Amino acid sequence: QVQLVESGGGLVQAGGSLRLSCAASGSIFRLNRMGWYRQAPGKQRELVATITSGGSTNYADSVKGRFTVSRDNAKNTVYLQLNSLKPEDAAVYYCNVEALILGSTWRGYWGQGTQVTVSS
């Protein structure tokens, strides 16, 4: 079983910054890819950024140059630094991890989501 706890969301003005955290816990043998997705009202959930166990990153075009994804393997935690926020960045941000549990296979797990609101 894997539990993901997200934190760091909130209300900021356009141009401001936030730092999101997602900590994984449970009977984890290994964590592979970790990342962030977001979903705005009436829209599909979309990929924001991912990071592999080796540190390779991938970003959506809309956030390149503004957001930074990182991870602390010792803490089983992935972060997302959101800079130069725009109103269109407002959404619920979800953490997602690929985890291997002892006696099982690789599976994807989702966090509960954290709200990011950007005022103009």
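The numbers attached to residues start from 1 for each chain and follow its sequence in the written order. Residue-level local features of this predicted model are given only where pLDDT is at least 70; pairs of side-chain atoms are given and counted only at 80 or more, and the full residue set underlies all totals for whole chains, interfaces and linings. Heavy atoms throughout the structure, all of them, feed into the side-chain values; hydrogens and water do not.

Novice: Explanation requested: the pattern of salt bridges in the structure shown.
Specialist: When the charged atoms of two side chains lie near each other, side chains of opposite charge can form a pair. Any carboxyl oxygen of Asp or Glu within 4 Å of a side-chain nitrogen of Lys or Arg constitutes a salt bridge here. By the definition in use, this model includes four salt bridges. The salt bridge partner of Arg38 is Asp89, with a shortest N-O separation of 3.1 Å. Note that Arg38 is positioned in strand β4 (residues 28-39) and Asp89 in the loop between β8 (77-82) and β9 (91-101), a separation of 51 residues in sequence. The pair formed by Arg38 and Asp89 is uniform in burial state, with each residue classed as buried. With a shortest N-O distance of 3.1 Å, Asp61 and Lys64 are connected by a salt bridge. Each member of the pair, Asp61 together with Lys64, is exposed. Overlapping salt bridges bring together Arg38, Glu46, Arg66 and Asp89 as one network. Each helix is a run of DSSP H or I of at least 4 residues and each strand a run of E of at least 2, with the numbering of both proceeding from the N terminus. The rule is simple: take the accessible area with a 1.4 Å probe, protein chains only, and divide by the maximum for that residue type; under 20% is buried, over 50% is exposed, in between is partly exposed.

Novice: Looking at this structure, how should I read the pairing of β4?
Specialist: A regular strand places its side chains so that they alternate between the two faces of the sheet. Inspection of the sheet shows β4 paired to β9 by nine bridges, in the antiparallel sense. Counterpart to Arg38 in the pairing with β9 is Tyr93. Each pair of strands is called paired provided DSSP finds at least two bridges between the two strands. Direction of pairing for β4 relative to strand β5 (residues 46-51): antiparallel, over a ladder of five bridges. What sits directly across from Tyr37, in β5, is Leu47. The turn linking β4 back onto β5 is made up of six residues, and Gly42 within it adopts a positive phi angle of 80°.

Novice: What is the right way to look at the pairing of strand β11 (residues 114-119) in this model?
Specialist: The side-chain alternation of β11 yields one buried face, formed by Thr114, Val116 and Val118, and one unburied face, formed by Gln115, Thr117 and Ser119. Bridge count for strand β2 (residues 10-13) against β11 is four bridges, and the pairing is parallel. Bridge assignment links Val12 to a residue of β11, and that residue is Val118.

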